[in-house]
Amino acid sequence: MLEARRKYEQLLQNLRQLKRIVVAFSGGVDSTFLLKAAIEALGSECVLAVTANSETYPERELQEAIALAGELGSLHLVIETSELNIPGYAENPTNRCYYCKQELFSHLIPIAKERGYDHVVFGAIADDLGEHRPGLQAAIENGVRAPLQEAGLTKAEIRQLSREMGLRTWDKPSFACLSSRIPYGEVITLGKLTMIDQAEQFLMDLGFRQVRVRQHDKLARIEVSPEDIQKLVGFSELVVEKLKSIGYTYVCIDLQGYRSGSLNETLQSLDMVSNQ
């Protein structure tokens, strides 16, 4: 952990150079860690956490973000946005996250300027550099900084440091916007997002922590942690009944279990088709 602590000191040093900042705050593992570090480096009076509430952000996550900001003693602002109103977003292209981040930053940058903050930062990490993350391009284009990534901090290091710092998010399951449950090219609608949200909330209420309900038309493909698959099988009758009442025709369990960005696996097949 010496390397992780060294990176953390580098993070604090980098943050001090930014003076006054707006933090894009979702309440997830990374943005909570970033907010905590920013307050340590700059003081709470120089940090503003901003949470964007939209159709793709579950109410449970919003309430969690509000609670966490309060626990950290941060200034906190909740704004209303709508990804579905962004031209091109609902068509769900492979660079969907680019549109989303452009929309977010188009709100945060004016807020920073109006309130006297010098920079906008967000919680991208070192791991993101090796994944399909179109939102990083939007950050570069808008001059938005990614301090965790700049310090070379990985998800594993952030979780460990968060635990040492007493942050209750240290083992929080990974989360991504609800749109990430819909395959690229399939239109995103409020109805679909609502179905996904209700299905995932039901599974969480049953005790599953890491959950994804990937929606393929009327089929729900459920991902849980591999060690929870057998437990999910035990609830199969109850889960099928509930998800059908939500609107799904078919319900299945993904035997590979949860993995981040599983719908990105289709990008390889799309590339193969385009190259033939």
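Residues numbered from 1 in each chain as written. Predicted model: local features only at pLDDT ≥ 70, side-chain atom pairs only at ≥ 80, totals over all residues. Heavy atoms only, no water.

Q: Help me out: how do you make sense of helix H1 (residues 2–16) in this one?
A: Over its 15 residues, H1 extends 21 Å from the first C-alpha to the last, a length consistent with the 21 Å expected when each residue adds 1.5 Å. Within H1 the residues assigned to the buried category are Ala4, Lys7, Tyr8, Leu11, Leu12, Asn14 and Leu15. Each buried residue of H1 lies within a common arc of 165° when the element is viewed along its axis, so the set occupies one face. Its buried side turned inward, H1 meets strand S1 (21–24), helix H2 (29–42), helix H6 (147–150) and helix H7 (155–164). (Helix = DSSP H or I, 4+ residues; strand = E, 2+ residues; numbered from the N terminus. Expected span 1.5 Å × (residues − 1). Buried < 20%, exposed > 50% of the residue type's maximum accessible area, 1.4 Å probe, protein only. Arc of directions from axis to C-beta. Contact = heavy atoms within 4.5 Å.)

Q: Got a minute to help me understand the side chain of Ser162 in this structure?
A: Among the structural elements, Ser162 can be located in helix H7. When its relative accessible area of 0% is taken as the criterion, Ser162 is described as buried. Ignoring any residue separated from it by four or fewer positions in sequence, one finds Ser162 in contact with Phe33, Leu167 and Trp170.

Q: Hey, could you run me through the nonpolar core in this one?
A: For soluble globular proteins, the rule of thumb is that nonpolar side chains tend to be buried together. Residues Leu11, Leu15, Ile21 and Phe33 are the most contacted members of the largest nonpolar core, which totals 35 residues. At the level of secondary structure, the elements contributing two or more residues to this core comprise H1, S1, H2, strand S2 (47–53), helix H3 (59–72) and H7. Ranked by residues supplied to this core, first place goes to H2 with nine residues. Counting 24 residues, the second largest nonpolar core, distinct from the first, contains Ala199, Phe202, Phe208 and Val239. (Core = buried A, V, L, I, M, F, W, Y, C linked by side-chain atoms within 4.5 Å.)

Q: How should the UniProt feature "active site" (unreviewed entry) in the chain be read in this particular structure?
A: If you check UniProt for "active site" (unreviewed entry), the listed places come out as Cys177 in our numbering. By the element assignment, Cys177 lies in the loop between H7 and helix H8 (190–205). Exposure remark for Cys177: the relative accessible area of 21% places this residue in the partly exposed category. Sequence-distant contacts of Cys177, that is, excluding residues within four places in its chain, are made with Thr56 and Tyr89. (UniProt positions renumbered as here; feature names shortened; annotations may be inferred.)

Q: Would you take a moment to explain the pattern of salt bridges for this structure?
A: Side chains that carry opposite charge are capable of pairing whenever their charged atoms lie near each other. Throughout the structure, instances matching the rule amount to 18 salt bridges. The salt bridge partner of Arg145 is Glu150, with a shortest N-O separation of 2.8 Å. What makes Arg145 partly exposed here is its relative accessible area of 28%. Classification of Glu150 by relative accessible area gives partly exposed; the value is 39%. (Salt bridge = Lys/Arg side-chain N within 4 Å of Asp/Glu carboxyl O.)

Q: Explain the sheet that holds S2 to me, please; I cannot follow it from the model alone.
A: Consider a sheet: its strands pair through backbone hydrogen bonds, and that pairing is either parallel or antiparallel. With parallel pairing, four strands are arranged side by side in an open sheet as S3-S2-S1-S4. Two strands close off the open sheet at either side, each with one partner strand: strand S3 (75–80) and strand S4 (119–121). Going across the sheet, the axis of each strand differs from the next one's by a mean of 25°, ignoring polarity. Here S1 pairs with S4 via three bridges, running parallel. Across the sheet, the residue bridging to Val22 is Val120, located in S4. Against the sheet, H3 touches S2 and S3, its axis set at about 160° to S3. (Pairing = 2+ DSSP bridges. Axes fitted to C-alpha atoms, helices over the stretch in contact; angles between N-to-C directions.)

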